[in-house]
Amino acid sequence: MSATGAGWSPSDRDTVLGRLRDSAVRSTGGDEHDEVLARVAWSTVVEPGDSDAGHLVARLGAVRSIRAVLDALDTGPLEVAEMLVGAGAGAGAGARVRGSTGAAVGACDEDEIRQRLVESAATALVPALARWRPRLLRLDVDAVLSAASAVGCALVVPGDQDWPAGIDDLGPHAPLVLWRRGAPCTTGRPSVAVVGSRANTVLGAEAAAEITSAAADAGCVVVSGGAHGIDAVAHRVAMAAGAPTVAVLAGGIDQLYPAANTAMLHAVAEHGALLAECPPGTRPSRWRFLARNRLIAALATTTVIVEAGARSGALNTANHAGQLGRTVFAVPGPYSSSASVGCHRLIADRRAEIVVQPRDPAETAVRLWAGERIVAGAEVPIAGARTDPEVLRVVDALAARRPTPLDEVARRSGLSLADTTDALALAELQGLVQQGPGGWTTT
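This section reports on the structure supplied with the text. (Residues numbered from 1 in each chain as written. Predicted model: local features only at pLDDT ≥ 70, side-chain atom pairs only at ≥ 80, totals over all residues. Heavy atoms only, no water.)

### What about the overall build of the protein?
To be explicit about the condition: Put simply, DSSP H or I for four residues or longer makes a helix, DSSP E for two residues or longer makes a strand, and each gets a number counted from the N terminus. Each residue is placed in one exposure class: buried if its accessible area under a 1.4 Å probe, protein chains only, is under 20% of its type's maximum, exposed if it is over 50%, and partly exposed if it falls in between. The contact criterion used throughout is that any non-hydrogen atoms of two residues lie within 4.5 Å. Every accessible area reported is derived by Shrake-Rupley at a probe size of 1.4 Å, with residue values counting cover from the shown protein chains alone.
A count of helical and extended segments in the protein gives 18 helices and 11 strands. The buried share among the 443 residues of the protein stands at 47%. Across the protein, contacts joining residues at least 24 apart in sequence account for 73% of those joining residues at least 6 apart. By element, 52% of the accessible surface of the protein is carried by carbon and sulfur atoms, the whole surface being about 21400 Å².

### What about unusual backbone geometry?
Cis geometry marks the peptide bond from Y257 to P258, where omega comes out at 0°. In this fold, P258 is placed in the loop between strand 5 (245-248) and helix 11 (262-271). One non-glycine residue, R350, lies in the positive phi region at around 60°. Inspection of the secondary structure assignment puts R350 in the loop between helix 14 (341-348) and strand 9 (353-354). Residue classification places R350 among the exposed residues on the basis of a relative accessible area of 80%.

### Observations concerning the nonpolar core
Definition in use: Here, nonpolar core means buried Ala, Val, Leu, Ile, Met, Phe, Trp, Tyr and Cys residues that are tied together by side-chain atoms lying within 4.5 Å of each other.
W42, L56, W132 and L274 are the most contacted members of the largest nonpolar core, which totals 56 residues. Broken down by element, this core gets its largest block of residues, 10 residues, from helix 7 (residues 107-136). Counting residues in hydrophobic clusters, the runner-up holds 33 residues, among them L295, L299, V328 and A330.

### What to know about the packing of aromatic side chains
The criterion, for reference: Each pair of aromatic rings taken from Phe, Tyr and Trp, with Trp reduced to its six-membered ring, is defined by centres within 6.5 Å and is described as stacked if the planes are under 30 degrees apart, edge-to-face if over 60, and tilted in the remaining cases.
The final tally for this structure, using the stated rule, is two aromatic pairs. Between the aromatic rings of W42 and W132, the centroid separation amounts to 5.1 Å while the plane-to-plane angle is 85°, which identifies the pairing as edge-to-face. Separated by 90 residues along the polypeptide, W42 in helix 2 (residues 30-45) and W132 in helix 7 bring together distant segments of the chain. Using a relative accessible area of 0% as the deciding quantity, one classes W42 as buried. Pairing Y257 with F289 gives two aromatic rings, centres 5.7 Å apart and planes at 50°, and the pair type is tilted. Of the two residues, Y257 is situated in the loop between strand 5 and helix 11 and F289 in helix 12 (residues 286-299); the sequence distance between them amounts to 32 residues. Of the residues examined, Y257 reaches a relative accessible area of 43% and is grouped as partly exposed.

### Some details on the environment of P48
By the element assignment, P48 lies in the loop between helix 2 and helix 3 (51-60). For P48, the residues in contact, after removing those within four places along its chain, are E277, C278, W287, A291 and R294.

### Looking at the sheet that holds strand 1 (residues 154-156)
As a reminder, the rule being used: Two strands pair if DSSP finds at least two bridges between them. Only the stretch in contact is used when a helix axis is fitted, and all axes are lines through C-alpha atoms; the angle between N-to-C directions ranges over 0 to 180 degrees.
Read from one edge to the other, the open sheet built from nine strands follows the order 1-2-6-5-4-3-7-8-9, with strand pairing classed as mixed. Looking at which strands have only one partner, the edges of the open sheet turn out to be strand 1 and strand 9. Its contacts with the sheet put helix 9 (residues 202-217) on strand 3 (191-195), strand 4 (221-224) and strand 7 (302-305), and the angle it makes with strand 3 is roughly 170°.

This is the structure in structure tokens:
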């Protein structure tokens, strides 16, 4: 019996390995193509963001790791753990163990440390193997590729020219592959994610439209989730403005959800792109919507939350963006509006910048894309000297050609002589007035 459960025999393992091998043999791409097929295989086995799979693929490669876990279903996780430690996983922990002794260690100590690392890695792999086992038993790469071909989508993997660079910031939680319908528009320009409540208000729709329009004018890609509400507004406004837009799906690339947005999502594929990490045929689920949000955050240079209730999924996107070091914006709304509670909390907790002008998220995205360093909390003057009320009063008290003495300016403006002198000095610095032999005049 297997260490991870009954029902798996060497013949079962050989059957699944044969399917994977047959797919590779029919290709002419060599080892590189085998890696792509193995990544597709992995994507059918794991749920989005599975860090255990991410670590395995990063350390061992997709082909070596998928074959190792298939073997491990029969023999247990020890061999995979040894491969991981041999590939360098856990080396840092070994160094810490050695360093904590404060003394040199011998070969025997090195072997003991290695054995401990292997045992620790094997223990961590047991629940992962149990999680993957049901899908490994039914591994069929050909079926996935056929379903993908039926909808005419492209397969994108790390290292491809059109692989979105921001996705790599997710580390072991990054998708193993991406399926795309449409053009590769997620590289080469800044992007703004516009997300929010599905049950938006009229004010929220107007704010989303203005922010999206500003992003389009700035040359940004508009990223969202294809849902009802704020997402749909962002996609439609971007398309109307002629800007590329990307909808990240929570299921397979052939699962256009919600059904009411099918026509809009087809249009998005024509004007920009649909992206999905789940294999074709995968149905959207609550968990996958939350996992999808990390991709929206990673794809965007800046993220703006237009409206969000206290438990809105858009807050999940904001959290992912913050963890990735992305700039997050939130739109303030009426304090009495339940649709703005989440935005207000983000701003109050200093996890999001307040949107003062619709162009703020796009301008920040452009500056960050250009490599500018933006200092948070930089002081912005609310009003200049030109709009200072006392300056306006003294300027209004003057004539353009006939000089007015200081005491007359004070009388006309209703200010004290001291305040009048200060206001005239400010006005002079602004180039609004000038002093002559007979008094003050406007310029």
